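Remarks on the overall topology
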Amino acid sequence: MSVQNLPTPADSSSPAFTGRLLLGVDLTTTGAKAPLHRRSSAGTGQRVSLGDVADYVALSRDAGAELVTFGESFRLDDAPRNDAWLDPAVIASRLAAAGLLDGGPRVVSALPAGFLDPMRLARAIAGIHARSGGRAGWQLPTSTTSGGVHAEVRRVWSLTPEARTGGRAPLLVTAPTDPATAVVAGRWSDVVRLRVTDVAEARRRRLAIRTAAEQAGRNPDDVRVVVDAVTVISDDAASALFRADLLRDLGTVEGPEPLTVAGTGRGVADVLQEWVEADAADGFVVLPGALPTDVLAIAGSLAPELRERGLLAPADPVVAEARVGGAALSLPELV
């Protein structure tokens, strides 16, 4: 099949995010292999509770998050399994099957493309998309040679009715690790995640991605460039900075160093607003410093501050039934 016959990203519907600032929450650390000091209730070899994860998804929704992500290191348990790399998609599928994603954020599973035929994975993501009412996404690896895989994924989705649930295709998310992959990211992604700590560098990377999108015939505004940010929020800035330094010393985050933002809800909002107004980011994927402390702080302190500044869409008037610290959900443990 020639490249000319492949669908272009312009053929996919816009993600239609609602806020000026796209807010995401990374829930990878709810997995069984997360560092135990970050989850006081965690136990060695434990199975991940669907109810626990649903609570965090609901709380993220209440905070105004439009994305929830599960990274490649997310695991349902500590038992070695050949198919454990599928766990980010398995948790999304089970949340969808239980009706726990209805009206919630888009749930993005990070899956490598090399363990299984990417076209099979694309159809599997389309199935999750259908079961979740059009709220699924796939974070695909990005390299300078991966554009063909992304094009084939788009083609499969364009031919799969389940992938059009809700009038929109699943989100295609990428996380390029160097500027050289900006062309691939800009041509094919709905959301691009960056790990940068400098405003000027983020602005340059975002401009390169938007330029690549425009050269591919896309509206660059259809590509949302977000920055990963470890977020630590306390009632006073000194306490937040102390916790952030401790987490950094413990090396709790895998991969390239992300931006760390620590302070009160208002102080963190100041930093996020600064980056958005500097054209360095369209939003942020928050990596909570500790669970559930910082997810609760995002919902209770940061989100209201961002809404007051017009950076987040107004809160949903329907109060979520599942909240961390609230009534437990009567759902089975994951097997």
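Presented here is a report on the structure given in the accompanying data block.

About the thresholds
- Residues numbered from 1 in each chain as written.
- Predicted model: local features only at pLDDT ≥ 70, side-chain atom pairs only at ≥ 80, totals over all residues.
- Heavy atoms only, no water.
- Helix = DSSP H or I, 4+ residues; strand = E, 2+ residues; numbered from the N terminus.
- Contact = heavy atoms within 4.5 Å.
- Axes fitted to C-alpha atoms, helices over the stretch in contact; angles between N-to-C directions.
- Parallel < 35°, antiparallel > 145°, perpendicular 65-115°, else oblique.
- Nonpolar A, V, L, I, M, F, W, Y, C, P; charged D, E, K, R; others polar.
- Core = buried A, V, L, I, M, F, W, Y, C linked by side-chain atoms within 4.5 Å.
- Buried < 20%, exposed > 50% of the residue type's maximum accessible area, 1.4 Å probe, protein only.
- Salt bridge = Lys/Arg side-chain N within 4 Å of Asp/Glu carboxyl O.

1. Some details on the overall build of the protein chain
Counting secondary structure elements, the protein chain contains nine helices and nine strands. Relative to all contacts within the protein chain whose residues are 6 or more apart in sequence, the contacts with residues 24 or more apart total 77%.

2. Structural notes on the packing of helix 1 (residues 50–62) against helix 2 (residues 87–97)
Across the interface, helix 1 lies against helix 2 with an axial gap of 11 Å and an inter-helix angle of 80 degrees. Relative to helix 2, the element helix 1 is oriented roughly perpendicular. Residues Leu50, Val53, Ala54 and Val57 of helix 1 pack against Ile91, Arg94 and Leu95 of helix 2. Considering only residue class, the contact of helix 1 with helix 2 consists of six nonpolar, no polar and one charged.

3. Focus on the nonpolar core
In terms of nonpolar packing, the biggest core is built from 77 residues, with Phe70, Leu95, Trp138, Trp157, Trp275 and Phe284 touching the most fellow members. Per-element accounting of this core gives the leading share, seven residues, to helix 9 (residues 293–308). Apart from residues lying up to four places away in sequence, Trp157 is in contact with Ala122, Ile125, Ala126, Trp138, Ala163, Arg164, Pro170, Leu171 and Leu172. Residues Leu22, Ala244, Val285 and Leu287 belong to the second largest nonpolar core, which totals 15 residues.

4. Observations concerning the pattern of salt bridges
Pairs can form between side chains of opposite charge once their charged atoms are near each other. One pass over the structure, following the stated rule, counts 17 salt bridges. Arg193 is paired through a salt bridge with Asp228; the nearest N and O atoms lie 3.0 Å apart. One end of the pair, Arg193, is in strand 6 (residues 191–194); the other, Asp228, is in strand 7 (residues 224–233), and 35 residues separate them in sequence. Using a relative accessible area of 4% as the deciding quantity, one classes Asp228 as buried.

5. What about unusual backbone geometry?
Leaving glycine out, the prevailing phi sign among residues is negative, and the prevailing peptide bond configuration is trans. Of note, the amide linkage connecting Leu291 to Pro292 takes the cis form, showing an omega dihedral of 0 degrees. With respect to the helices and strands, the residue Pro292 is situated in the loop between strand 9 (283–288) and helix 9.

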